[in-house]
Amino acid sequence: MSTSQTGPVSSPTRQPVPPPRLVADDGTDLRPLVARLRDDLTAAGYTIEGIRACLGEVASDALEREQPLPADLATRGRREPVALLTRLLGLGLPLSADEAALALPTLGLEGALALGVLCTEGDAVLPAIDLRPHATERHAWWVASDLPEMLAGGGPLPTDHVLGIGGASGTLAAWTPRPQVGRALDLGTGCGVQALLLGPHAEQVVATDISERALAFARFTCALNEVDLDLRLGSLTEPVADEQFDLVVSNPPFVITPRTDGVPVYEYRDGGGEGDGITTGLIGDVADRLAPGGIATMLGNWEVREGQGWRDRLRPVLEAAGVDAWVVLREVQDPAQYAETWARDGGHTPGTEEYEAMYTAWLEDFAARGTAEIGFGVIVLHRPETDRAPWIDLTEARGTTGPAMGEVVLAGVRARTWLAEHTRDELLDAHWQYAPDVTVEHHFAHPGDPDPQVVLIRQGSGLRRAFQVSSEVAGLVGVCDGDLTLRQGIAGIAVLTDADAGLLTEQVAPVIRDMVADGLLVLA
């Protein structure tokens, strides 16, 4: 553990407001008020589509970039409920009591104050929480959380701050496979958005969090959306010890934080472990909770020591877990980049003494362990259904990937499992077909050259892999239309090129396996 010679100087921290309530202090059930709030939001059209229609394309796009002024200008003076709710809940702008009554005619201002959704400062009505719509192609919800930095005013955030839907939660949602399952688990649920997303394709959803405040927001979100989730208080897998699940998701508090006095411990990002212990420890814990055939998708950070590759760091941990594992490295930061990101997080201002001290603490902490860089990625685990050795695949995809990554994860797990459970002869005797998004590129050294210098087989979606291959492999992929087996295709290429079929098989089989694993070739 490293220590900073100069501890961070404290600055005023924003005072947390109570989370929204379902029960009043006197024991009164407030759920009837929640139903009124739902009716008002529905009637107003306070949805993603409704807000976009209210603001227009330009102001909506600006708001997505966290530029609120165009949305402010687009709604000034308007008294439609959706415009008033957008100003109040979306932009954090004050309303008068009369305007609040227009925005929430069924609930009323008193009802909103009783729930803890709104608050007052003098004659102004302000949002007490963040409440915004979230939707997939088939489902829509409202999600409650603490006010984001943009709306909460100055000063650092409280350490029990409950995040709303951000970049990491969006990444996890996009990479989560969504087969129909019996039991699903969300570890470190926060505001509950991942658990909501699990609901449409799981018979039962269990969600855990160590923060009672986070669970209060999640309970409110469930009540508002008439969703039944099993919410449990406790750290990560502790509340589900000895239980098994078919699908597990987790955006855990994986941020590597120095254990130095004065560095704030935010519940939403810091699980209290030393170094990358939260990520590496959770891998084994999650593996133990998977039912046969179960899949887990989680995000994580891991440290890479001087002279070590990132695969060297994770492979022993994954091997000890005893399940199939597929890790996709998405980003790498050096210690200074990482320190800048997380010292600034939570409302801390670069250039202040507090920020500089935290920056120093992070650098000292990494230096004490010889950390050269920090990896971020998606970790996918799968428990085999047969008695076989687990497969492990550690790959990189640092660029842009396709949009439907959950489908890619599910297909990738199934393809790798097929390869692990079938012999090379079975691979050769199967009928394969190239995926619709696969293209072949020929690159010539000079115009007019008869033969290409480089041949690339490229995937248009998913991980967007590109394979530099020989002309023989390119020709083989070209005949993979589902009619011929791979062995028949190799035999045909051997005749055309006057090559030995056995040697050609040895050359192309490893490349074909990789293409099958990544979805460039699929079973016909």
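Quick notes on the rules
For every chain, the first residue of the written sequence is number 1, and numbering continues from 1 along that sequence. Local features in this predicted model are restricted to residues whose pLDDT is 70 or higher, and side-chain atom pairs enter the listing and the counts only when it is 80 or higher, whereas totals over whole chains, interfaces and linings include all residues. The basis for every side-chain value is the complete set of heavy atoms in the structure, and neither hydrogens nor water enter the calculation. UniProt positions are given in the numbering used here, feature names are shortened, and annotations may be inferred rather than shown by experiment. The pLDDT score gives, residue by residue, the confidence of the prediction method on a 0 to 100 scale. A contact between two residues is defined here by any heavy atoms of the two lying within 4.5 Å. The helix count covers DSSP runs of H or I at least four residues long, the strand count covers runs of E at least two residues long, and both are numbered beginning at the N terminus. A pair of aromatic rings is counted whenever rings of Phe, Tyr or Trp (Trp by its six-membered ring) have centres within 6.5 Å, and the orientation is called stacked for planes under 30 degrees apart, edge-to-face for over 60 and tilted otherwise. Burial here depends on accessible area, computed with a 1.4 Å probe over protein chains only, as a share of the maximum for the residue type. Under 20% is buried, over 50% is exposed, and the range in between is partly exposed. Throughout the structure description, domain borders are defined by an automatic or database domain assignment. Buried surface area refers to the total accessible area, computed with a probe of radius 1.4 Å, that the two partners give up upon joining, counted for both partners together. Salt bridge, as applied in this entry: a Lys or Arg side-chain nitrogen positioned within 4 Å of an Asp or Glu carboxyl oxygen.

As recorded in an unreviewed UniProt entry, the chain goes by the name SAM-dependent methyltransferase, listed as coming from Kytococcus schroeteri. One UniProt comment on the chain, placed under Sequence similarities (unreviewed entry), says "Belongs to the eukaryotic/archaeal PrmC-related family."

Chemist: Could you give an account of the confidence of the model for the chain, with specific residues and numbers?
Modeler: Residues at a pLDDT of 70 or more form 96% of the chain, whose mean pLDDT is 93. Below pLDDT 50 for its whole length, residues 1-13 participates in 35 contacts with residues either more than four positions away or in separate chains.

Chemist: How would you sum up the UniProt feature "domain: Methyltransferase small" (unreviewed entry) in the chain? Please name residues and give values.
Modeler: The UniProt record annotates "domain: Methyltransferase small" (unreviewed entry) at residues 172-256. End C-alpha to end C-alpha, residues 172-256 measures 19 Å, and it is 27% helix and 29% strand.

Chemist: Before we move on, could you go through the packing of aromatic side chains and cite the residues and values that matter?
Modeler: Using the criterion set out here, one finds seven aromatic pairs in the structure. Taken together, a centroid distance of 5.9 Å and an interplanar angle of 40° make the contact between Phe254 and Phe376 tilted. Of this pair, Phe254 sits in the loop between strand 8 (245-250) and helix 12 (277-289) while Phe376 is found in strand 11 (residues 371-382), placing the two residues 122 residues apart along the sequence. Judged by its relative accessible area of 17%, Phe376 falls in the buried class. Here Tyr355 and Tyr359 contribute two aromatic rings whose centre-to-centre distance is 5.9 Å and whose plane-to-plane angle is 80°, an arrangement assigned as edge-to-face.

Chemist: Account for the domain arrangement of the chain, with residues named and values stated.
Modeler: Under the domain assignment used here, the chain contains domain 1 (30-149), domain 2 (174-421) and domain 3 (424-523). Inter-centroid distance (C-alpha atoms) of domain 1 to domain 2 is 31 Å. Facing 20 residues of domain 1, the contacting portion of domain 2 comprises 16 residues. Between domain 1 and domain 2 lies a buried interface of about 1,500 Å² when both sides are counted; carbon and sulfur atoms form 69% of it. When the buried area of domain 1 at its contact with domain 2 is split by residue, Arg38, Trp141 and Ala144 rank highest and sum to 33% of it. There are two salt bridges connecting domain 1 and domain 2. Between Glu226 and Arg38 there is a salt bridge, and its shortest N-O distance comes to 3.5 Å.

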